[in-house]
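Residues per chain, in single letters:
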Amino acid sequence: MQSFETTGTQSTPTIRANWEEGTLFMEGDSYPENSYEQFRPVFDWIEAFLNTAGRPLLLDLHLLYLNTSSIKAMMDIFDRLESAHAAGQAVSVRWSYDRRNERVGELAEEFREDCSFPFAIEPSA
Amino acid sequence: MNPSVVNPPVMNPIDLFSLRERFNQTNIMLCFNGPMSRSLIEEIGNALKNYLTADQAHPAAATDVFGTYIELTQNIRHYTHAKAWSEQDAGATVVISREADGRYVVCAGNLIEQQDGEAVCALVDQLAGLDKAALKALYKEQLRKPRPDASSGAGLGLIHVARTATAPLQATLHPLPDGRAFFSLRAVI
């Protein structure tokens, strides 16, 4: 498995998966009709990283608006991180957002409620 | 006096002026009626974002209005796609307006099978009886259910819209002669 990069569109986020660094960066809005197609490569990459890399994984998120289909896909990703954490692997999430839009912070907070691994929500100035 | 001003042309029964007056009086920011493609949802959504910015909506309010618009229109797309209806029957009617008190209203409607319409109206009534905590619990429960098949899917989106709205959702169903109905949903944000 290797690094990959997907340039975002109006309705899909920019995604950068860096195998060497162990980081997955996602930025922008996500509201495609079928989020499953969009998130499949992300999910596969995370799965491969957790199964073979043997190093910590960080999700560096700058996501803004997510439709419910994307929320469901993100929940699947966080559930996978949760099971890795339960198995003793080092996983963490950092979700940065503009503090002027508290909806993003609330969205991140609802995900964090179901996670026990390190999950930072960082409003910017 | 020009008689055409007094008597609208017979061949053009659409009175744009009165339509415009109606839009202005009811503070309609944006409306759409017709077949709605995936790219059209995005383009109209983009226009909506720009209008909300120009209207100096708070970023959270803009997210709420935009999110409600996306969930309702994508619900319609999923439903009509599952029914494999013609482009014309698969259309949507969308109106976004602003109340005198400053709140935004998102209305969306589409053709629906009478039976499906009754089911979704029952769901809307059920959601109307729930407070924010109960809606959140139902939302999280629905989120953890396996992905529904193509014939449904309105569940999670509707609950999300009900959570976003500042008043209970209102649904109406107008039966049509062909056995179908026109379903419309009104969300005050």
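Just so it is clear, the model here is predicted, and its values are computed rather than measured.

Examining unusual backbone geometry
All names here are of chain B. A positive phi angle, close to 55°, is found at Gln-56, a residue other than glycine. With respect to the element layout, Gln-56 can be found in the loop between helix H3 (38–54) and helix H4 (59–83). Residue classification places Gln-56 among the exposed residues on the basis of 8 C-beta atoms within 10 Å.

Quick look at the sheet that holds strand S5 (residues 180–188) of chain B
Residues and elements named next belong to chain B. A sheet is described by the order of its strands in space; here five strands give the open sequence S1-S2-S3-S5-S4, paired in antiparallel fashion. At either end of the open sheet lies a strand with only one pairing partner, and these are strand S1 (28–34) and strand S4 (170–175). Direction aside, neighbouring strands of the sheet carry axes that sit 15° apart on average. Sheet analysis places strand S2 (residues 92–98) next to strand S3 (residues 104–113), joined by six bridges and oriented antiparallel. Counted as the bridge partner of Ile-96 is Val-106 from S3. Of the strands in this sheet, S2, S3 and S5 touch H4, which is tilted by about 5° from S3. Strands S3, S4 and S5 of the sheet are contacted by helix H5 (residues 114–128), whose axis makes an angle of about 160° with S4.

Side note on the interface of chain A and chain B
Much of the literature gives interface size as the accessible area that the parts lose upon coming together. The interface of chain A with chain B comprises 14 residues on the first partner and 17 residues on the second. Looking at the side of chain A that touches chain B, the elements with two or more residues in it are helix H2 (68–86) and helix H3 (102–112) of chain A. For the side of chain A that touches chain B, the leading source of residues is H2 of chain A, giving four residues. The class makeup of the residues in the side of chain A that touches chain B is four nonpolar, five polar and five charged.

Topic: the sheet that holds strand S6 (residues 119–124) of chain A
Residue and element names in this part refer to chain A. The sheet built from six strands is open, its strands ordered S1-S2-S3-S4-S5-S6 with mixed pairing. Each of the sheet's edge strands pairs with one partner strand only, and the pair in question is strand S1 (4–6) and S6. Ignoring strand direction, the axes of neighbouring strands in this sheet form an average angle of 10°. Pairing geometry for S1 and strand S2 (residues 14–18), over three bridges, is antiparallel. Its bridge partner being in S2, Glu-5 is matched across the sheet by Arg-16. Packing of H3 onto the sheet brings it into contact with strand S4 (57–66), strand S5 (91–98) and S6, and relative to S6 it is tilted by some 175°.

Description of the UniProt feature "domain: SiaC family regulatory phosphoprotein" (unreviewed entry) in chain A
The UniProt entry lists residues 8–122 of chain A under the feature "domain: SiaC family regulatory phosphoprotein" (unreviewed entry), expressed in the numbering used here. Taken end to end, residues 8–122 of chain A is 42% helix and 30% strand, and its two terminal C-alpha atoms sit 22 Å from one another.

Parameters and conventions
Residue indices begin from 1 for each chain and proceed along its sequence in written order. The lettering of chains begins at A and the numbering of ligands begins at 1, in the order of writing. Local features in this predicted model are restricted to residues of pLDDT 70 or higher, and side-chain atom pairs are both shown and tallied only at a pLDDT of 80 or more, whereas totals for entire chains, interfaces and linings draw on every residue. Each helix corresponds to a stretch of at least 4 residues labelled H or I by DSSP, and each strand to a stretch of at least 2 residues labelled E; elements are numbered beginning at the N terminus. We call a residue exposed when 12 or fewer other C-beta atoms sit within 10 Å of its C-beta, buried when the count reaches 20 or more, and partly exposed for counts in between; the C-beta positions come from the backbone. At least two bridges found by DSSP between two strands is the condition for calling them paired. Whenever a helix is involved, its axis is fitted only over the stretch in contact; in every case the axis is a line through C-alpha atoms, and angles between N-to-C directions fall within 0 to 180 degrees. This entry defines residue contacts through backbone-placed C-beta atoms, with two residues in contact when those atoms are within 7 Å. Residue type decides the class: Asp, Glu, Lys and Arg count as charged, Ala, Val, Leu, Ile, Met, Phe, Trp, Tyr, Cys and Pro as nonpolar, and the leftover types, Gly among them, as polar. UniProt positions are given in the numbering used here, feature names are shortened, and annotations may be inferred rather than shown by experiment.

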